[in-house]
Structures are given as structure tokens and as C-alpha cells.
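In case you want the letters, here they are:
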Amino acid sequence: MDQDELDNFAEKIVNGSELSDDNILDLLSIKDKVELDKLFYVARAVRDHYFGNKVFLYSFVYFSTYCKNNCSFCYYNCGHDIPRYRLSLEDIERLCDGLKGEGFHMIDLTMGEDPYFYDDPNKLVEIVRTVKDRVGLPIMVSPGVMDKDTFRKLHKNGADFLALYQETYDRELYGKLRRGQSFEERINARKSAKDIGYCIEDGILTRVEPDMRSTLTSLRGLETSDPDMVRVMTFVPQDGTPYEGSEPGSSDQELMIISILRIMFPDRLIPASLDLEGIDGMVHRLNAGANVVTSIISSDSVLEGVVNYDRDMDERDRDIKSVVKRLESMGMVPADQSDFNKVLGM
Ligand code: SAM
Ligand code: MD0
Ligand code: SF4
């Protein structure tokens, strides 16, 4: 395609035309760098139509790394003998003072499926209420598959967004990844949250799927949850899992899928996670059509990310000031809070 054809393609997407399965498989088969750059160009054109050069920024707070689940891809799986932590309410209150007024659009409160909170969900409700009262921003919760009643209480106390990623809609692969966890329950938990009034984020992993058909199944599966935010993360092999020691693959596939997600979900939130390749990686993900920067953590934070490209580094380099500085070098800026609140339907 030449420049005009690319612009026409982007315009057609903005006007509602959709990709067929064959289109998606064609895009997933792109190998040539020039052709890939064209895909990124179209994705940016679609993103810019809805969001311009405005980017949303989420602070990431992994407040408990305890987990009862045994996901084969995750460092924090219950079988991994690692030091774990659970922030106290006082820890969280202190942390809030460093978040307020820093320019975040939302605070992402993430935990493992920690029995401490599953046995007494009111402790989690108290954390959400505290952060809402102290920081006064929209809150994303990433607590795993909790019951509808708890989701309702969390929403009533300030939770606006639920992040719960299916990882894959390929059932056989799901069973290998989210070992012992119900495929349907995870889907129904997002549906319950949507019924309650949450915005929801769904997501998939890449570089775990057996073939492109499996990726296509997952891309179509994401459509079924009608997500307000949709993500893809490159699977990064972790210690303490069956994949320990295997080489992390490149993020090329993730960038391609970000662009395909932008074309499939033109007006939705699509994140560039810092957890995988930090700020350098953010640039590529934004250039592939993402419009949110997630997993922003202050440089002196001792909290975990999730994948943690910087686990062994002395100092984190994914603080909000460094993010904004790099955004500006790309001609991008943080959006206004009012733009984000509009996305949340506030
Ligand atoms: N315990 C909650 C849950 O599982 O939904 C929240 C924890 S965190 C948000 C979990 C997410 O991080 C997973 O859904 C997965 O998408 C991502 N993740 C975990 N380990 C990963 C890895 N090794 N590589 C890439 N992404 C990973
Ligand atoms: C991220 N480390 O965006 C975070 C995490 C959870 N809602 C988000 C996976 O990479
Ligand atoms: Fe636990 Fe979530 Fe990790 Fe699975 S992905 S082991 S549920 S923290």
C-alpha cells in the first residue's frame, strides 16, 4: 500500500470497517520491516484520530505478592519459594502521599489472589476506600477472580476499573497457563464487573501461543468481553516456573498485536506496559498504537512490578517524570484528567 492507501485504510477503520479473520492472519504473518512500519503507521493514525497525542498514565501499586494460584507463567505462583510482602494500611497511606498530585490519571491496585483478602474482603475494601479518599483519583483493581458481592462493595468504595486478563481464549492453552482455574469463571467475573458498572480491562499473552490460529482465537475472544481497555504482553519466562531459564523472546510480536488491537478496538485504551522493557520499550509500544502508559513506579519504590524487567537494577527508571520527559521528546503529552474521566463515563 502507498501513503494514500494507508490513509484510506485508517479512515475506513475509523468509519467502522472491521478486519476479517483472513485480514488478521495476513497482518500476523507480516515479516517485512517496511510492511510492519506501515501497520504501525495505520495504527497510529487510528489512535491519533481518537486521542491525538494525549497519553494516560497509571501508577502501579503491587500491594500484596501472596497468591494461592499456580499460574505456570507467573513469578508469584504459590509454588515459588520467594520473599513475599503485603502492605499494611499504614504503608498504603504513606504511599498515597507520594501519588497525589503527581499527574497520574488512575491508580492500579494489584495483588496476587492473596488468601488474607479473599478470606476477609473488607480488608481490601478498606484499602480501596483509603486510596480513594487520600488520592481522589480513579482506581483500577487487579485482585483476581473475586465474587460479585465483593466487586460490588469495592465499586461502592471507589474502584472504577477491573483488570482481569484471560491470557488466552484458546482453552487448551488456558489450562496450561492458568492451571486449575476455571476459564468460564474468569470470563464471568469480568461480565459481573461490567454489570456492576466497572470499566474492564482484558488482555492476552503472546509468545506462548502454539500458532497464529491460537492468536486469532484470542483476538476474537477479547471482542466478546467488550473491554474498555485491552492489552497484550509478551510472555517473559520467570524463575520458579516450568519456563525458568528459557530465553525471553523479542517483543516484535507484541508490537504487531498492539497495532492489530488498535485496528480492532479503535477507540479503546491500549497500554504500553513499562513492566516489560521500561521506557525504551514504551516508545515502541506507543508507536505501535498504544495510548496508555502503565506500571509506572517511583524510582525509590521497593515494590514489585509483575514481570519486572528492572528486578535486579539498583534504581528503577520508570518514574512518572522520566516517562513524561520521554513522551515530550516524542511529541506526546499527558492527557487532562477530564479526558480520562470522560472515558470512564464520569
Ligand atoms: N493476580 C492477579 C491476576 O492474576 O489477575 C493480578 C496479578 S498481575 C496483573 C497478572 C498479570 O500479569 C497476568 O494476567 C499476566 O497477563 C501478567 N503476567 C504475569 N506474569 C507474566 C509474565 N511472566 N510475562 C508476561 N506477563 C505476565
Ligand atoms: C503492567 N505491571 O501494566 C502492570 C500489571 C495490572 N493491572 C497491570 C500487569 O504491566
Ligand atoms: Fe497469582 Fe495472578 Fe500470578 Fe496467577 S498471575 S500466580 S493469580 S499473581
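Residues numbered from 1 in each chain as written. Chains lettered and ligands numbered in written order. Predicted model: local features only at pLDDT ≥ 70, side-chain atom pairs only at ≥ 80, totals over all residues. Heavy atoms only, no water.

1. Thoughts on the overall build of the protein chain
- Tallying secondary structure elements over the protein chain gives 14 helices and nine strands in all.
- In terms of C-alpha radius of gyration, the protein chain reaches 19 Å, essentially the compact-globule figure of 20 Å for 346 residues.
- C-alpha atoms of the protein chain, sized along the principal axes, occupy 60 × 45 × 40 Å.
- Scored against the burial criterion, the 346 residues of the protein chain give a buried share of 56%.
- Taking the contacts inside the protein chain whose residues are at least 6 apart along the sequence as the reference set, 73% of them involve residues at least 24 apart.
- Carbon and sulfur atoms form 47% of the exposed surface of the protein chain, whose accessible area is close to 14,800 Å².
- If the 42 positive side-chain charges of the protein chain are averaged to one point and the 62 negative ones to another, these points end up 3 Å apart. (Helix = DSSP H or I, 4+ residues; strand = E, 2+ residues; numbered from the N terminus. Rg over C-alpha atoms; globule rule 2.2 N^0.38 Å. Buried < 20%, exposed > 50% of the residue type's maximum accessible area, 1.4 Å probe, protein only. Contact = heavy atoms within 4.5 Å. Areas by Shrake-Rupley, 256 points an atom, 1.4 Å probe, with all protein chains shown as cover. Lys, Arg positive; Asp, Glu negative; His and termini not counted. Charge placed at Lys NZ, Arg CZ, Asp CG, Glu CD.)

2. Some thoughts on the site of ligand 2
- Around ligand 2 lies a shell of 14 residues, among which Asp108, Ser142, Ser273, Thr294 and Ser295 are the nearest.
- Between ligand 2 and Ser142 there is a distance of 2.8 Å, counted from a nitrogen atom to a side-chain nitrogen or oxygen.
- Its free accessible area being 300 Å², ligand 2 has 96% of it covered by the protein chains.
- For the shell around ligand 2, the secondary-structure elements that each account for two or more residues are strand S2 (106-111), strand S3 (139-142), strand S6 (229-234) and strand S8 (292-296).
- Its residues placed into classes, the shell around ligand 2 shows six nonpolar, five polar and three charged. (Near = heavy atom within 4 Å. Polar contact = N/O pair within 3.5 Å; in protein donor to acceptor, adjacent residues only side chain to side chain. Nonpolar A, V, L, I, M, F, W, Y, C, P; charged D, E, K, R; others polar.)

3. Describing the pairing of S8
- S8 sits mainly inside the fold: five of its five residues count as buried.
- Sheet topology note: the strand S1 (residues 54-64)/S8 ladder contains three bridges and is parallel. The partner of Phe56 across the bridge, within S8, is Val292.
- Sheet topology note: the strand S7 (residues 271-273)/S8 ladder contains three bridges and is parallel. Pairing of Ala272 across the sheet is with Val293, part of S8. (Pairing = 2+ DSSP bridges.)

4. Digging into the site of ligand 1
- Near ligand 1 lie 18 residues; those nearest to it are Phe73, Glu167, Arg178, Arg186 and Val236.
- Within the backbone of Val236, a nitrogen or oxygen atom sits 2.8 Å from a nitrogen atom of ligand 1.
- Contact with the protein chains covers 93% of the free accessible surface of ligand 1, which is 560 Å².
- Mapped by element, the contributors of at least two residues to the shell around ligand 1 are S2 and S6.

5. A word on helix H1 (residues 3-14)
- Here H1 contains 12 residues, and its C-alpha end-to-end distance of 17 Å stays within 8% of the 16 Å for a straight helix at 1.5 Å per residue.
- Where H1 is buried, its residues touch helix H3 (33-51) and helix H11 (252-264).
- With its phi angle positive at about 105°, Gly16 sits one or two positions after the end of H1. (Expected span 1.5 Å × (residues − 1).)

6. Let's talk about helix H13 (residues 320-329)
- Along H13, the residues classified as buried are Ile320, Val323, Val324 and Leu327. For H13, the angular spread of buried residues about the axis comes to 95°, placing them on one side. Exposed side of H13, more than 90 degrees from the buried face: Lys321, Lys325 and Ser329 are the residues found there.
- On its buried side, H13 packs onto S1, helix H12 (274-287), S8 and strand S9 (333-334).
- A positive phi of about 80° marks Gly331, the residue just after H13. (Arc of directions from axis to C-beta.)

7. Points about the packing of aromatic side chains
- Taken as a whole and assessed by the stated rule, the structure comprises 12 aromatic pairs.
- A centroid spacing of 5.0 Å and a plane angle of 55° characterise the contact between Phe56 and Phe340, whose relative ring orientation is tilted. Of this pair, Phe56 sits in strand S1 while Phe340 is found in helix H14 (residues 337-343), placing the two residues 284 residues apart along the sequence. The residues Phe56 and Phe340 share a single accessibility class, namely buried.
- Their ring planes at 90° and their centres at 5.1 Å tell us that Tyr174 and Phe183 sit as a pair that is edge-to-face. For the pair formed by Tyr174 and Phe183, the shared burial category is buried.
- An aromatic cluster is present here, built from Phe51, Phe56, Tyr58 and Phe340 joined pairwise through their rings.
- In this structure, Lys68 is placed above the aromatic ring of Tyr118, and the distance from its NZ or CZ to the ring centre is 4.3 Å.
- Residue placement shows Lys123 over the ring face of Tyr116; its charged tip is 4.8 Å from the ring centre. (Phe/Tyr/Trp six-rings, centres within 6.5 Å; stacked < 30°, edge-to-face > 60°. Lys NZ or Arg CZ within 6 Å of the ring centre and 35° of its normal.)

8. Overview of unusual backbone geometry
- Even without a glycine there, the phi angle at Arg207 is positive, about 70°.
- Counting through the fold element by element, Arg207 comes out in the loop between strand S5 (199-206) and helix H10 (212-224).
- Notably, Asn308 is not glycine yet its phi reads approximately 60°, a positive angle.

9. Structural notes on the pairing of strand S4 (residues 159-163)
- The buried fraction of S4 amounts to five of the five residues, a majority that puts the element mostly inside the structure.
- With three bridges joining them, S3 and S4 adopt parallel strand pairing. Paired with Ile139 across the two strands is Ala159, which belongs to S4.
- In the classification by handedness, the crossover that spans S3, the intervening helix H7 (residues 148-156) and the parallel S4 is right-handed.
- With three bridges joining them, S4 and S5 adopt parallel strand pairing. Note on S5: the bridge partner recorded for Leu162 is Ile200. (Right-handed = clockwise from strand over helix to strand, strands pointing away.)

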